[in-house]
Amino acid sequence: MAVPLDARRVLIVEDDDNIADLLLVVLTGEGYATARAGDGEHALEIATTMAPEIILLDMMLPGMHGLEFARRYRERGGRAPIVAVTALPDTAQLRRDGNITAVLRKPFELEALLVVVAETLARQTPREA
């Protein structure tokens, strides 16, 4: 399936291959342009060239915690909303962090994921990221 040239760009930062593959298939099927990184360093590299419009970010990444990725991404001028996708039981810290836009708890329903992505993108001006 070809992704439209004007598709909204989603960066998936997830080290679990099963979850990442599922997100790629579902989001691409919905018409989003997607890229995936399995760790924070690689995600920072991809974000530089891709200019994502939204980032789906696992918190428990190898080598770099998700909050560290978010901080470094913002320091580099990244403005895309960041949705923390996490199994962490306490999301209060994530919600207080100024770099995280929304939180989606694992396990999640695919419909809930699509709603969070669509609503988060709708709150920003097109191509704002």
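Everything below is about the structure shown above.
Quick notes on the rules
- Residues numbered from 1 in each chain as written.
- Predicted model: local features only at pLDDT ≥ 70, side-chain atom pairs only at ≥ 80, totals over all residues.
- Heavy atoms only, no water.
- Helix = DSSP H or I, 4+ residues; strand = E, 2+ residues; numbered from the N terminus.
- Expected span 1.5 Å × (residues − 1).
- Buried < 20%, exposed > 50% of the residue type's maximum accessible area, 1.4 Å probe, protein only.
- Arc of directions from axis to C-beta.
- Contact = heavy atoms within 4.5 Å.
- Phe/Tyr/Trp six-rings, centres within 6.5 Å; stacked < 30°, edge-to-face > 60°.
- Core = buried A, V, L, I, M, F, W, Y, C linked by side-chain atoms within 4.5 Å.

1. Digging into helix H5 (residues 110-122)
Phase 1 of the analysis: Compared with the 18 Å implied by 1.5 Å per residue over 13 residues, the 18 Å span of H5 between its first and last C-alpha is a close match.
Phase 2 of the analysis: Turning to H5, its buried residues are Leu113, Leu114, Val116, Val117, Thr120 and Leu121. What you see down the axis of H5 is that its buried residues fit within an arc of 160°, all on one side. Exposed positions of H5 whose direction lies more than 90 degrees from the buried face are Glu111 and Ala122.
Phase 3 of the analysis: The elements touched by buried residues of H5 are helix H1 (17-29), strand S3 (54-58), strand S4 (82-86) and strand S5 (102-105).

2. What about the packing of aromatic side chains?
Phase 1 of the analysis: Applying the stated rule across the entire model yields one aromatic pair.
Phase 2 of the analysis: Ring centres of Phe69 and Tyr73 lie 5.9 Å apart, and the angle between their planes is 15°; this geometry places the pair in the stacked category. Here Phe69 and its partner Tyr73 are both found in helix H3 (residues 66-75), four residues apart, which amounts to about one turn of the helix. Each member of the pair Phe69 and Tyr73 is classed as buried.

3. Some words on the environment of Leu27
Phase 1 of the analysis: Examined against the element boundaries, Leu27 turns out to sit in helix H1.
Phase 2 of the analysis: For Leu27, the residues in contact, after removing those within four places along its chain, are Val10, Ile12, Tyr32, Thr34, Leu56, Leu114 and Val117.

4. Some points on the nonpolar core
Phase 1 of the analysis: In terms of nonpolar packing, the biggest core is built from 24 residues, with Leu11, Ile55, Leu57, Phe69, Tyr73 and Ile100 touching the most fellow members.
Phase 2 of the analysis: Put simply, the parts of the chain that give this core at least two residues each are strand S1 (9-13), strand S2 (33-37), helix H2 (40-50), S3, H3 and S4.
Phase 3 of the analysis: By residue number, the principal contributor to this core is H2, which donates five residues.
Phase 4 of the analysis: Residues in contact with Tyr73, not counting those within four places in the same chain, are Leu44, Ala47, Pro52, Ile55, Gly78, Arg79, Ala80 and Ile82.

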